[in-house]
Amino acid sequence: MTDLSNIVEILAKQALGGQQQSGPSAGGLGGILGSVLGQIGGQAQNNQTQQGGLGGVLGSVLGSLTGGQSQTNTTGGGNKSQLLVIVLPLVLAWIQRQGGLQGALDKLKNAGLANQVQSWVDPQQQNAQDVPDQNIQSLFDDQDIEQVAQQTQAPKQAIYGAIAAVLPQVIDSLTPQGNSTNPQEANNDIQQVLNMVGGFLK
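Residues numbered from 1 in each chain as written. Predicted model: local features only at pLDDT ≥ 70, side-chain atom pairs only at ≥ 80, totals over all residues. Heavy atoms only, no water.

**Student:** I'd love a proper account of the packing of aromatic side chains, names of residues and values included.
**Tutor:** Think of a pair of aromatic rings as described by two things: how far the centres are apart, and how the planes are tilted against each other in angle. Per the stated rule, a full pass over the model turns up 1 aromatic pair. Both rings, one in W94 and one in F140, keep their centres 5.1 Å apart while their planes meet at 25°; by these two values the pair is stacked. Placement of W94 in helix 6 (residues 80-97) and of F140 in the loop between helix 8 (133-139) and helix 9 (142-152) is noted, with a sequence separation of 46 residues between them. Here W94 falls in the buried class, since its relative accessible area comes to 1%. (Phe/Tyr/Trp six-rings, centres within 6.5 Å; stacked < 30°, edge-to-face > 60°. Helix = DSSP H or I, 4+ residues; strand = E, 2+ residues; numbered from the N terminus. Buried < 20%, exposed > 50% of the residue type's maximum accessible area, 1.4 Å probe, protein only.)

Structure below.
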């Protein structure tokens, strides 16, 4: 098992501004993410809690983006922490398109980020967070970024910044055993999260 679900929970808590849910009855990860979505899209929260689980909540994030543009307008595109949650599926889908974790690591190294990648993978090292925006722009499809920017009413530069912040955390969470992490295990966890949101990404 990788730590992917942990990082999703941490990002969601950050999007809530560090507010704690009211006790264990909040329903763990689902409850936390549900609150984020309530803030981002103003969607009816009882829908989200009925859907339950990570899939329901992540699906609602994307649903509020693709279906609730008039609502997201009022938030000015949400704050930076909320953008981190929003770009998470984009980052996971990108890793998958490179052929999985190993392919993504190779691609990042070839893009001039070898030192950063080593720091993200090595459990003994502090994550190097300095990912220049131009590196992100060369790696990610501009159309994908444009679509997220339109849906969130956030500038493209903010989307690139959010990806640059999330990418190290995602790679770190997918490599809990460093270089000896089983890449197939990481790819399975990515697929699991993307399966949950796949219907909304089409």
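Structure shown, so let's carry the discussion forward.
**Student:** If you had to explain unusual backbone geometry to someone new, which residues and values would you point to?
**Tutor:** Backbone geometry follows two general trends: most residues other than glycine have a negative phi, and most peptide bonds adopt the trans configuration. At Q153, a residue that is not glycine, the phi angle is positive and equals roughly 60°. Residue placement: Q153 occurs in the loop between helix 9 and helix 10 (156-174).

**Student:** Explain the pattern of salt bridges residue by residue, including any values.
**Tutor:** Across all of its chains, the model carries 3 salt bridges by this definition. R97 serves as the salt-bridge partner of D144, at 3.1 Å between the closest nitrogen and oxygen. Within this pair, whereas D144 is found in helix 9, its partner R97 is found in helix 6, the two being separated by 47 residues in sequence. The residue E146 makes a salt bridge to K156 at a minimum N-O spacing of 3.4 Å. Taken together, the positions of E146 in helix 9 and K156 in helix 10 put the pair 10 residues apart, joining distant regions of the chain. With relative accessibility at 27%, the residue K156 sits in the partly exposed group. (Salt bridge = Lys/Arg side-chain N within 4 Å of Asp/Glu carboxyl O.)

Just distances and angles here, no functional claims.
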